[in-house]
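A look at the structure
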Amino acid sequence: MDVRGGRYYQKVDLTGATGVTIEAYRHEHVILDGSRFKPADGRSAMVNIAGSSHVTLSGLEITDYRSSELDAMPIGIYVHGADDHIRISGNHVHDLGNDNQTLGSFDINAHGIAVYGDNASHSISDLTISKNTVDHLSLGASESVVVNGNVDGWSISGNDIHDNNNIGIDAIGYEPTLSGKYRYTDLNRARNGVISDNTVSYIRSQGNPAYYEDGVWCNCADGIYVDGATHIAIRNNVVTGNDIGIEVAAENARGSADHVDVRSNTINNSLYVGIATGGYCDGASDCGDVKTGQSHDNQFVGNTLRNNNKLNDGSPEVLIQFYAYDNVFENNTITATNDAGALLGTVERADADKVSGHNVSDKNTFAVSGTSDVSFGWLGKTYSSFKAYQKATGQDLHSTLSGVKTGS
């Protein structure tokens, strides 16, 4: 179906559709305007795709679908149920979301493009999300573009995602997308996916009421996040100006993020850190009294990182947290510009969580700029010289360090 240019105050419902294409006619400007709708409780969308096959959505502008109700979750494009051969390409999703201002509430939620594999008997497969622009969203605790649950075989490529107040791209497992006996199985994990050639910029939680903690805003929005998903390639993305560049972790204590290949990405100007992996808390009070999941069998290879602690609080370019093991960090080019010269970082007690270890870091090119200090952290301990770090850990024996005084 070719849609002529114009502003349409209507939704699109593709439930049980087969072989349907909805696109702008000859590149005319088609706007789906949600300003006249009041989003219902739960997930609701301007474009709903459910139980469908061989569907293409292309060239539409989707905007102004908003709510201030805690129970509402406005979505630009929503794919769910049992679907296959779905193409979402060349759309512009912007200026929509949830505007509730309850400080500290994770009940505030919205999405730009959301794919929920919520059917245990049929995964969402052969999914392509490409060349879309997704920007200026009010997301609360949710994500700009997300694949969640039983989504097996997908790609998110060539998109421009920017200026949103929470995560840019997320692949999720272990949430109650599938419940009961399926929740902690591989069926309930986004898997066998590719996140490539995207530009993800200025994804920051400053001012997002969901991330107001103890009187301050949390700088904790990821440009690209793998939360409990598996077998994913993240490559050739440009990730700039976010709170965190790329994170591979699992928030659920029973979950893991594993077999993720983070390769040949450019990550710069993050407020907090460039790359993070491992769970953020071991159950202690100083990290939130929660226990998070594991990160294992992941590779971080050939990435370029620079100036990723613009907060200048001593946080590193690469941070390895709790429950991280059998991960590889090789052939990366990493330049720290903060006052601490922090290149690799660790967390206290990482050597005591009974899981962390057997990670390998080598053949990296390290540098600091604008400081003579340097910092390397590994398994709960931090070293103020490269030689001391190498000697104590046996790591990075074939790596180089430049930009610091002789003997460091």
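See above for the structure.
Residues numbered from 1 in each chain as written. Predicted model: local features only at pLDDT ≥ 70, side-chain atom pairs only at ≥ 80, totals over all residues. Heavy atoms only, no water.

**A few points about unusual backbone geometry**
Formally: A run of H or I in DSSP becomes a helix once it reaches four residues, and a run of E becomes a strand once it reaches two; helices and strands are each numbered from the N terminus. A 1.4 Å probe rolled over the protein chains alone gives each residue an accessible area, and that area as a share of the maximum for its type sets the label: buried under 20%, exposed over 50%, partly exposed in between.
A positive phi angle is found at Asn-236, which is not glycine, with a value near 60°. For Asn-236, the position within the fold is in the loop between β26 (230-235) and β27 (238-240). When its relative accessible area of 39% is taken as the criterion, Asn-236 is described as partly exposed. Not every positive phi belongs to a glycine, and Asn-312 is a case in point at roughly 55°. Structurally, Asn-312 is set in the loop between β34 (304-306) and β35 (318-320). Exposure remark for Asn-312: the relative accessible area of 37% places this residue in the partly exposed category.

**Here we look at the state of the cysteines**
Cysteine pairs can be covalently joined through their sulfur atoms, and such a bond is termed a disulfide. To keep it simple, the criterion reads: Cysteine sulfur atoms are paired as a disulfide whenever they come within 2.5 Å of each other.
All told, the structure shown has two disulfides when counted by the stated rule. A sulfur-sulfur separation of 2.2 Å characterises the disulfide bridge that pairs Cys-218 with Cys-220. Residue pairing for Cys-281: its cysteine sulfur links by disulfide to Cys-287, the two sulfurs lying 2.0 Å apart. With the S-S dihedral at roughly 70°, the linkage between Cys-281 and Cys-287 falls on the right-handed side. Take Cys-281: its relative accessible area is 0%, and that puts it in the buried class. Indicated for the protein chain is the disulfide connectivity 1-2, 3-4, based on numbering the bonded cysteines in sequence order.

**Regarding the environment of Gly-341**
Looking at the element boundaries, Gly-341 is found in the loop between β38 (333-336) and β39 (342-345). On a C-alpha basis, the gap between Gly-341 and Thr-393 in space is 19 Å, while along the polypeptide they are 52 residues apart.

**Some remarks on the pattern of salt bridges**
For the record, the criterion: The salt bridge criterion pairs a side-chain nitrogen of Lys or Arg with a carboxyl oxygen of Asp or Glu, the two atoms within 4 Å.
Applying the stated criterion across every chain, the model contains eleven salt bridges. In this structure, Glu-28 engages Arg-4 in a salt bridge whose closest nitrogen and oxygen atoms are separated by 2.8 Å. Within this pair, whereas Glu-28 is found in the loop between β4 (18-24) and β5 (30-33), its partner Arg-4 is found in the loop between β1 (2-3) and β2 (6-8), the two being separated by 24 residues in sequence. Residue classification places Glu-28 among the partly exposed positions, given a relative accessible area of 24%. Of the residues examined, Arg-4 reaches a relative accessible area of 47% and is grouped as partly exposed.

**Details of the environment of Asp-396**
Formally: The contact rule is simple, with two residues in contact once any of their heavy atoms fall within 4.5 Å.
With respect to the helices, strands and loops of the structure, Asp-396 is situated in the loop between α1 (386-393) and β44 (400-402). The exposure class of Asp-396 is buried, given its relative accessible area of 0%. Residues Asp-396 and Asp-297 lie 99 residues apart in sequence; the distance between their C-alpha atoms is 18 Å. Residues in contact with Asp-396, not counting those within four places in the same chain, are Leu-344, Ser-361, Asp-362, Lys-363, Asn-364, Phe-366, Phe-386, Tyr-389 and Gln-390.

**Notes on the packing of aromatic side chains**
Condition: To pair, rings of Phe, Tyr and Trp, with the six-membered ring standing in for Trp, must have centres within 6.5 Å; the planes then decide the type, stacked if under 30 degrees apart, edge-to-face if over 60, and tilted in the middle. Charges are assigned to positions over rings by a cutoff of 6 Å between ring centre and Lys NZ or Arg CZ, combined with an angular limit of 35 degrees from the ring normal.
Within this structure, the stated rule accounts for 13 aromatic pairs. Judged by centre distance (6.0 Å) and plane angle (70°), the rings of Phe-366 and Phe-386 are edge-to-face. Note that Phe-366 is positioned in strand β41 (residues 365-368) and Phe-386 in helix α1, a separation of 20 residues in sequence. Neither Phe-366 nor Phe-386 differs from the other in exposure class; each is buried. Geometrically, the ring pair formed by Phe-376 and Tyr-389 is stacked, given 4.7 Å between the ring centres and 10° between the ring planes. One end of the pair, Phe-376, is in strand β42 (residues 375-378); the other, Tyr-389, is in helix α1, with 13 residues separating them in the sequence. Here Phe-376 falls in the buried class, since its relative accessible area comes to 0%. An aromatic cluster is built from Phe-366, Phe-376, Trp-378, Tyr-383, Phe-386 and Tyr-389, whose rings are joined through pairwise contacts. The lysine or arginine in question, Lys-11, covers the ring of Phe-37, its NZ or CZ lying 5.1 Å from the ring centre. Directly above the ring of Tyr-116 sits Arg-43, whose terminal nitrogen or CZ lies 3.8 Å from the centroid.

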